[in-house]
Amino acid sequence: MPSSHDWINKPLGVVEAMFAQSNSNPEWEAKVLEYFKGQLKEKESHSWVPSLNDVPLHYLKPNSLVKFRCLVQDMFDPEFYMGVYETVDPSTKANVLRCGKYKDVTECGVDLNSRNTVTAERQTFYCVPIPGESPWAKEISFLSAARVVPSTSYVPSRQKRSYEEDDDDMDTQPQKQREPHTETPQIQPHGNGDSKRQETEAPSSQTTTPSDCSSHLDLNFPLPGERGPACLVKVYEGLDSFKLNDTLEIYGILSVNPVLTVLGEENMETPEEQRAHDPPASLVPRLHMLYARPLQHNNPLLPSAPTEDQSAFVSSFLVEMASVRAELLAYLTHVLLGDGLAAEYLLLHLISDVYTRRDVLPLGKFTLNLSGCPLNSYTERLYQIVQQLVPCSYRLSMSLHTMNSMRLVPKKDYVANRLVSGALQLARNTSLFLDETQLEQGQLDSSGVRNITALGNLISWQKVDYDFSYHQMEFPCNINVLVTSEGRSLLPSDCQVPLQPQVTPPNMEEYLTTIHMAQFTSQINKFRVYLSLARTLDYSISDEVTKAVEDDFVDMRKDDPQSVTAEDLHRMLVVARLLSLSLGQTTLSRDGWMRAKHIDMLRRSRTEQQKSLNGNEP
Amino acid sequence: MSSPTSTPVGSKPSSDGLASPPSQRRRGQDSSNGDLPAMPTSPATDIASPAVHDTSLFSSPRRSVLPSEVDMSSPLIGVRGTPVRQRPDLGSARKAPQVDLHTELPSADGAVASEQAAGQKLVIWGTDVNVGTCKEKFQRFLQRFIDPTSNEDENAGLDLNEPLYMQKLEEISVIGEPVLNVNCSHVQSFDADLYRQLISYPQEVIPTFDMAVNELFFERFPDSILEHQIQVRPYNALKTRNMRSLNPEDIDQMITISGMVIRTSQLIPEMQEAFFQCQVCAFSTRVEVDRGRIAEPAVCRNCNTTHSLALIHNRSAFSDKQMIKVQESPDDMPAGQTPHTTIVYAHNDLVDKVQPGDRINITGIYRAVPMRENPRQSTVKSVYKTHIDVIHFRKTDEKRLHGLDEDSDQKLFTEERVQTLKELAAKPDVYERLSSALAPSIYEQEDIKKGILLQLFGGTRKDFSQTGRGNFRAEVNILLCGDPGTSKSQLLQYVFNLVPRGQYTSGKGSSAVGLTAYVMKDPETKQLVLQTGALVLSDNGICCIDEFDKMSDSTRSVLHEVMEQQTLSIAKAGIICQLNARTSVLAAANPVESQWNPKKTTIENIQLPHTLLSRFDLIFLMLDPQDEAYDRRLAHHLVALYYQSEEQIEEEFLDMAVLKDYIAYARTYINPRLNEEASQALIEAYVDMRKIGSGRGMVSAYPRQLESLIRLAEAHAKVRFSDKVETVDVEEAKRLHREALKQSATDPRTGFVDISILTTGMSATARKRKEEVAQALKKMIQSRGKIPAMKYQQLFDDLRGQSEAAITKDMFEEALRALADEDYLTVTGKTVRLL
């Protein structure tokens, strides 16, 4: 049984042994990291480590190794801690050097004046589960991870249970051996005893059971209605390599020592700040990072760790690519009411990715505006289908009320000294589905205008200006924005496709449900892999094709300089790129270019048509 | 002072009030090497013993020679009766000598001087500071330090060739404010060793400085009466600049960091000394704060009653304290991370010196305090709380309301960086290189980029306020107009990202208020607060305004003042003031008819008032050239953008960071002046420009154009890192100016460049035609004889019938207006009356 591994159950023991051997040689720190990295490299070994995402906190052993798939939501100030301290062994009365790394607390009787004390620096990141992670992604990663059986050594003294996980919709969980809610009455009021203070902004406060205490503590999730454990991750090495909004898989030592929640010892901080920075460990556990793997994607169907595995997987899938694409296209065509062109564009949009930036210009973004969407619940259905395909997504219904009231842009709260999240704080490659069909006439107030501006900036520059009160700070992002609207969207977009339904099903709901049901899970899984994979492929243009494209451009402009602008060339180059990638081709062929030109022409003729139909279309 | 040499020994107030282990570790190491005295002979066990928490604080084996020990430790008697003021900023609660004076073992954290075996050299325990030498050195520094090149404004009015700090002491004796600010860089240049000691052991060295300066002061001005003794406040420690670079090594050292105040707390009274009185015998005793705690005496020493002492609040000593949160300034941050914050404690008169939003430089001592142990728990958090005890605040933006502030913008350049920049500047094609490095993703438009480059550098600031003209504008303003989709916005975005104080607004969304400043009532204090808008925020920077044409007229009107006078006047809700807004404006405007109409003038195309246009030094058109060769190059450029790898791009172009530094360096250090030839060239250029028009009876250049030329020439000299504006600079300025004019001020009717399009909004030919129509109309009316009134519409029809050229209604109305101005007729409704 894999859980017999000491390095998973008692990682601190491993650390301490190495520290004891080292004789204060500072190299031991590197050795520890090396060791854990080595252990995790072994085949399958990383799946033995229980995941905070899947296992309720109270089933995890304190001070054991766990992993956490998350997004860095906020970075707190660096803190100094006792890296090495001296204490008196009560039995032998001798002075002992102890290691304080990867721990929150020290044993008492620390000699604060010892010369052997080493002060070291670490930083705390506030991490939340990846916002908008699709249910299927959660489910699959949950199933595929070798389920760590809740340890029998479950310590009953740890009564504080994670309220988050318990209320979580765990229908997906196959094992039903979770304890019934009998222990609910034992719940202690959480730490600071300010349960009276209602957090008004708590977005996740959907009181499903009376025991749900989430409304008392705002866990600061970017998206409303999110659940899952938030975590304070203590980072020791490579502080500069982490950035806000990075998605990481963190392997670290879980710490839930109740001492951490003792409050009110120093009045340096405001109560708000204390709550934000030292929440009860039973709600927000601490994780001492040993190893972090940046995630390129959070699609559990794709191998993510060892690179050799991945390349083998990619090459095997490449063969299938064209056929999967055809199937997916057919599927999307059905979904888009028989509109093949729109389906083609939707497919391209789903694999788009900002692959680089040239000074301020993000390259590769492909914001799609599907106009002419049927009203009623069509867009909602469409979103559900997109959600089934991509690992991360969020639907923002742009009703007047949400635009005026919702917080899209993260804002620094100086009282609590934390970054209050907003809906635009998303992981890379999240699909943001803006539903403009929900927008009605009326007045946007100033926050509404700010929100619309933020969306516009996001689309045009792929960046979000976080509000730091005294100044703004720009954070680049990489979000796929899909706008559905009746007419042309009021937001900018890279490409607008008016939807031309070929079929008009009498009952839209039923129609879409049938299409969706008709797909086998294995089929859908193929689509999922396809979409994630196509994005990761490399791409290049040969000199020869470059030349051809240039010639083509000059020719097009010769006939009518107004018809093709630099902007159009930008778009066509992106379309050509995505088109090639969608077929599994990593270089642009002349053919590919012609196809890109062709579909762009079709699309443009369609918009022209729309214009002449409506007349007043700008 | 009776025995100055021995006084300090016992009175060293350095009791490590907030002692932290790290510092001790460091000190332990420090003093163990070098020719330092042996450590006090306390065995290790002693250190670990609970005696640490004792009140026993210091003692000295040389106690017997310390008669004047009261000097520093009594709060009331100081040098010649001037009271000493406590310095909680140094954590130096002085210890009352109430412990057994003859203890042989010096306790661990007391301030103890030990004697070096070799001679009489005494150093403070744990450091290599000898009080006597240190004092002497500092006195010598005060008496001798001269900085003839000083340009700090604190030193305004002082004779730079006399010892600087002696003059400051004199100032203190006159003004009576007993604070002496000492620039650490002065100390460093005077005595590097003293500086090192000051940085490493501020807690010990600064009180020594205090003593030194007081001795010196009262020697010189024996009759001065001060509120308390002079306190030395060092500032500008060179060691640390950036909050991010603080690390455990800096604990207990003196540091200077810059940042922005984000929050200040209420005033906190902090007990410095508790006064206890025995309930039984009324015996009183004082207990000093030790690490934030008061140890209540359990036994009365007088009557030996236990637990009889009660705290008397109003006889205890308190000091003011304030917590201030400081956030690092945005410029110091690596991309993609959040700003760090630090807690700062201000004491006594530094309380309430700063407000949230202020940008400040803080000099202080960095502290780390371990979490307190809770006796009821077996474990304790292993984290230290860190903060800075502030010694000196320096606001970096307070001078924004008046003179230019050199300090805040001054980026520190390393030697190597300066070297690379200079090497770059020496290249003959630096101008071309830099302009092509600007927004490489935007294709060609070389002249526009060059124009923007010059804007980034700006002209030389000139002050004519003495002759009554006030400041001369040094900033270059540029307007880009052209078809939509010609990457104007992208260019603006790039510039905005390049300059440290850039602001980006869109004309559509901004109001006059958002651009300038507005008055807000603070919800808490009910105080009126002036909030600054984009233009004021970009003072000394560039304000990028997109969609300039969409801006409302009232908003635009505020730009008039900003763009020429470089100030903003505000009269609102009882606040009347003038703010500096020395900002360059980079604006982009779209033509009214969505497509540029080549048959119309610039003014007609963008519909902006000419009064505003004439304030732009350069107006560029960004048009689609519609020519095959251009298309090909454009296509090549774009395709390359999509497939070239990161490295290839970097080889071709200068790094954005280098460009940033280059501009920052040139803006701070280079101030070119016109040389003789260049002035001649400028005069000639101006005369030439005037001549062009005079042949056709119109004015083709105004002094404003000459000023533009000067600014551009200066900026070009800055690009070359040259202190002189030479003929080459003037040539380039002329060329660029001409290019821009050619684009924007060509009269579409005649094909001539006509500056009056921009200055008066109408080309000379158009004006001439207006005149003609008016004359024709007048003639026609006169020919009809004496009719007092006529119908408007009929008159219009008649005129149209009569004239050979087509006459529009606008032209007709203009002619009527012209005649009305002559008092020839008036127009009332539909009738025209003769006067």
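Rules used in this analysis
Residues numbered from 1 in each chain as written. Chains lettered and ligands numbered in written order. Predicted model: local features only at pLDDT ≥ 70, side-chain atom pairs only at ≥ 80, totals over all residues. Heavy atoms only, no water. UniProt positions renumbered as here; feature names shortened; annotations may be inferred. Helix = DSSP H or I, 4+ residues; strand = E, 2+ residues; numbered from the N terminus. Buried < 20%, exposed > 50% of the residue type's maximum accessible area, 1.4 Å probe, protein only. Areas by Shrake-Rupley, 256 points an atom, 1.4 Å probe, with all protein chains shown as cover. pLDDT = per-residue confidence, 0-100. Contact = heavy atoms within 4.5 Å. Core = buried A, V, L, I, M, F, W, Y, C linked by side-chain atoms within 4.5 Å. Phe/Tyr/Trp six-rings, centres within 6.5 Å; stacked < 30°, edge-to-face > 60°. Arc of directions from axis to C-beta. Salt bridge = Lys/Arg side-chain N within 4 Å of Asp/Glu carboxyl O. Pairing = 2+ DSSP bridges. Axes fitted to C-alpha atoms, helices over the stretch in contact; angles between N-to-C directions. Parallel < 35°, antiparallel > 145°, perpendicular 65-115°, else oblique. Nonpolar A, V, L, I, M, F, W, Y, C, P; charged D, E, K, R; others polar. Disulfide = S-S within 2.5 Å. Left-handed = near helix turned anticlockwise from the far one by under 90°.

Under an unreviewed UniProt entry, the name given to chain B is DNA replication licensing factor MCM4, and the source organism is Oncorhynchus tshawytscha. What UniProt states about chain B under its Subunit (unreviewed entry) heading is, verbatim, "Component of the MCM2-7 complex." What UniProt records for chain B under Catalytic activity (unreviewed entry) is the sentence "ATP + H2O = ADP + phosphate + H(+)".

Chain A goes by Mini-chromosome maintenance complex-binding protein in an unreviewed UniProt entry, where it is assigned to Oncorhynchus tshawytscha. We quote the UniProt Sequence similarities (unreviewed entry) comment for chain A here in full: "Belongs to the MCMBP family." Word for word, the UniProt comment on chain A under Subcellular location (unreviewed entry) is "Nucleus".

Visitor: Quick question: what am I supposed to make of the overall build of chain A here?
Guide: Each helix and strand in chain A was counted, giving 17 helices and 18 strands. Put simply, chain A has 618 residues, and 57% of those count as buried. Surface accessibility of chain A: about 25000 Å² in total, with carbon and sulfur atoms responsible for 52%.

Visitor: Sorry if this is basic, but what is going on with the confidence of the model for chain B here?
Guide: Do not read the predicted coordinates in detail wherever pLDDT is low. Residue and element names in this part refer to chain B. A residue-level look at chain B finds 67% of positions with pLDDT of 70 or above and a mean pLDDT of 70. Across chain B, the secondary-structure element scoring lowest on mean pLDDT is helix α4 (residues 70-73), at 36, and the one scoring highest is strand β9 (residues 341-347), at 88. Across residues 1-79, confidence stays below pLDDT 50; counting only partners more than four residues off in sequence or on other chains, it has 163 contacts. Note on residues 92-120: pLDDT is under 50 here. Beyond four places in sequence and across chains, it has 75 contacts. Our summary of model confidence lists the complex with pTM equal to 0.72 and ipTM equal to 0.75.

Visitor: Would you explain the nonpolar core in this entry?
Guide: Here is a general trend for soluble globular proteins: nonpolar side chains tend to be buried in one another's company. Judged by nonpolar contacts, the single largest core of 77 residues is most densely connected at L328, Y331, L336, Y345 and L370 of chain A. Not counting chain neighbours up to four residues away, the residues in contact with L336 of chain A comprise A342, A343, L346, L370, Y378, L382 and L499 of chain A. Among the nonpolar cores identified, the runner-up in size contains 59 residues, and I442, I448, F457 and V725 of chain B belong to it.

Visitor: Mind showing me how you'd approach the packing of aromatic side chains here?
Guide: Centre-to-centre distance and the angle between the planes together describe a pair of aromatic rings. Within the structure shown, the criterion is met by 23 aromatic pairs over all chains. Plain terms: the ring middles of F76 of chain A and Y126 of chain A are 6.2 Å apart, the flat faces sit at 40° to each other, and that makes the pair tilted. Taken together, the residues F76 of chain A in strand β1 (residues 65-88) and Y126 of chain A in strand β4 (residues 118-129) connect sequence positions 50 residues apart. Across this residue pair, the class does not change: F76 of chain A and Y126 of chain A are buried. An aromatic cluster is present here, built from F138, F141, F145, Y165, F190 and F209 of chain B joined pairwise through their rings.

Visitor: What's the story with helix α28 (residues 792-802) of chain B in this structure? I'm lost.
Guide: Residues that lie three or four places apart on an α-helix share one face, since the helix turns once every 3.6 residues. Those residues of α28 of chain B not exposed but buried are Y792, L795, F796 and L799 of chain B. One face of α28 of chain B carries all of its buried residues, which in axial projection span an arc of 100°.

Visitor: How do you make sense of the pattern of salt bridges when you look at a structure like this?
Guide: Oppositely charged side chains may form a pair once their charged atoms are brought near each other. Residue and element names in this part refer to chain A. What the rule picks out here adds up to 37 salt bridges over all chains. Among the ionic pairs, K234 bridges to E79, the shortest N-O distance being 3.2 Å. Highlighted residues: K234 in strand β5 (residues 231-235) and E79 in strand β1, separated in sequence by 155 residues. As far as the burial class goes, K234 and E79 line up, both buried.

Visitor: Can you walk me through the pairing of β5 of chain A in this structure?
Guide: For a regular strand, side chains alternate in direction, first toward one face of the sheet and then toward the other. Residues and elements named next belong to chain A. Burial analysis of β5 places five of its five residues in the buried class, which makes it a mostly covered element. Side chains C231, V233 and V235 of β5 all project onto a buried face; the interleaved residues L232 and K234 project onto the opposite face, where all are buried too. Note that β4 and β5 share five bridges and pair antiparallel. Residue Q123 lies in a different strand from β5, and its bridge partner there is V235.

Visitor: Hey, could you run me through the pairing of strand β6 (residues 247-255) of chain A in this one?
Guide: All names here are of chain A. Summarising burial for β6: nine of the nine residues are buried, a large majority. Where β1 lies against β6, five bridges are found, and the strand directions are antiparallel. Note on β6: the bridge partner recorded for V66 is G252. Pairing between β6 and strand β7 (residues 286-294): eight bridges, direction antiparallel. From the neighbouring strand, L254 faces β7, where its bridge partner is L287.

Visitor: What is the right way to look at the sheet that holds strand β15 (residues 478-482) of chain B in this model?
Guide: Sheet strands pair by backbone hydrogen bonding; their relative direction is either parallel or antiparallel. All names here are of chain B. Taken together, the five strands give an open sheet; going across it, the order is β16-β19-β22-β15-β23, and neighbouring strands pair in parallel fashion. Each edge of the open sheet is held by one strand with a lone partner, namely β16 (502-506) and β23 (618-622). The mean inter-strand angle of the sheet, taken between neighbouring strand axes irrespective of direction, is 15°. Sheet topology note: the β15/β23 ladder contains five bridges and is parallel. By the bridge assignment, G482 is partnered in β23 with M622.

Visitor: Could you clarify how one ought to interpret the side chain of H392 of chain B in this entry?
Guide: Position of H392 of chain B relative to the elements: it lies in strand β12 (residues 383-395). Discounting chain neighbours no more than four positions away, the residues touching H392 of chain B are N181, R233, P234, Y235, L350, N361, I362 and T363 of chain B.

Visitor: What's the story with the packing of helix α13 (residues 446-457) of chain B against helix α22 (residues 656-669) of chain B in this structure? I'm lost.
Guide: Helix packing geometry: the angle between the two helix axes and the distance between the axes. Residues and elements named next belong to chain B. Interaxial distance between α13 and α22 falls to 9 Å at its minimum, and their mutual angle equals 50°. With respect to α22, the element α13 is oriented oblique. On α22, the residues touching Q455, L456 and F457 of α13 are Y662, I663, A666 and R667. Partitioning the contact of α13 with α22 into residue classes produces five nonpolar, one polar and one charged.

Visitor: Looking at this structure, I do not really get the state of the cysteines. What am I missing?
Guide: As used in these notes, a disulfide is a covalent bond between sulfur atoms, one from each of two cysteines. A complete count under the given rule lists zero disulfides over all chains for this structure. Here C70 of chain A is not disulfide-linked; the sulfur of C127 of chain A is the nearest cysteine sulfur, at 3.9 Å. Accessibility expressed as a relative area gives 0% for C70 of chain A, which makes it buried. Between C543 of chain B, a cysteine without a disulfide, and C544 of chain B, which holds the nearest cysteine sulfur, the sulfur-to-sulfur distance is 6.9 Å. You can call C543 of chain B buried: its relative accessible area is 0%.

Visitor: Hey, could you run me through the sheet that holds strand β18 (residues 495-498) of chain A in this one?
Guide: Residues and elements named next belong to chain A. Pairing in this open sheet of five strands is parallel, and the strands run β11-β14-β17-β10-β18 from one edge to the other. Both outer strands of the open sheet, β11 (393-397) and β18, are each paired with one neighbouring strand and no more. Across the sheet, the mean angle separating the axes of adjacent strands is 20° when strand polarity is ignored. For strand β10 (residues 368-371) and strand β17 (residues 479-484), the ladder comprises three bridges, and the chain directions are parallel. Across the sheet, residue N369 finds its bridge partner in β17, namely V483. Helix α12 (residues 446-461) contacts β11, β14 (430-435) and β17 of the sheet and is inclined by roughly 135° relative to β14.

Visitor: Can you walk me through the confidence of the model for chain A in this structure?
Guide: Per-residue confidence for chain A averages 77 on the pLDDT scale, and 81% of its residues sit at or above 70. Every residue in residues 146-215 of chain A scores below 50 in pLDDT, and together they form 119 contacts with partners more than four places removed in sequence or on other chains.

Visitor: Even after reading the chapter, I still don't get the packing of helix α5 (residues 131-144) of chain B against helix α9 (residues 202-220) of chain B, so can you show me in this structure?
Guide: Residue and element names in this part refer to chain B. It is at 9 Å that the axes of α5 and α9 come closest, and there the two elements cross at 55°. Comparing their axes, α9 and α5 come out oblique. Here α5 runs over α9; the crossing is right-handed. When α5 is examined against α9, the residues V131, C134, K135, F138, Q139, L142 and Q143 are found in contact with a partner set consisting of V205, T208, F209, M211, A212, V213, E215 and L216. Counted by class, the contact of α5 with α9 contains ten nonpolar, three polar and two charged residues.

Visitor: Hey, could you run me through the environment of S319 of chain B in this one?
Guide: All names here are of chain B. For S319, the location among the structural elements is in strand β8 (residues 317-327). A relative accessible area of 5% means that S319 is categorised as buried. In sequence terms S319 and M271 are 48 residues apart; their C-alpha atoms lie 6.3 Å from each other. Excluding anything up to four places from it in sequence, S319 contacts P88, I268, P269, E270, Q272 and N348.

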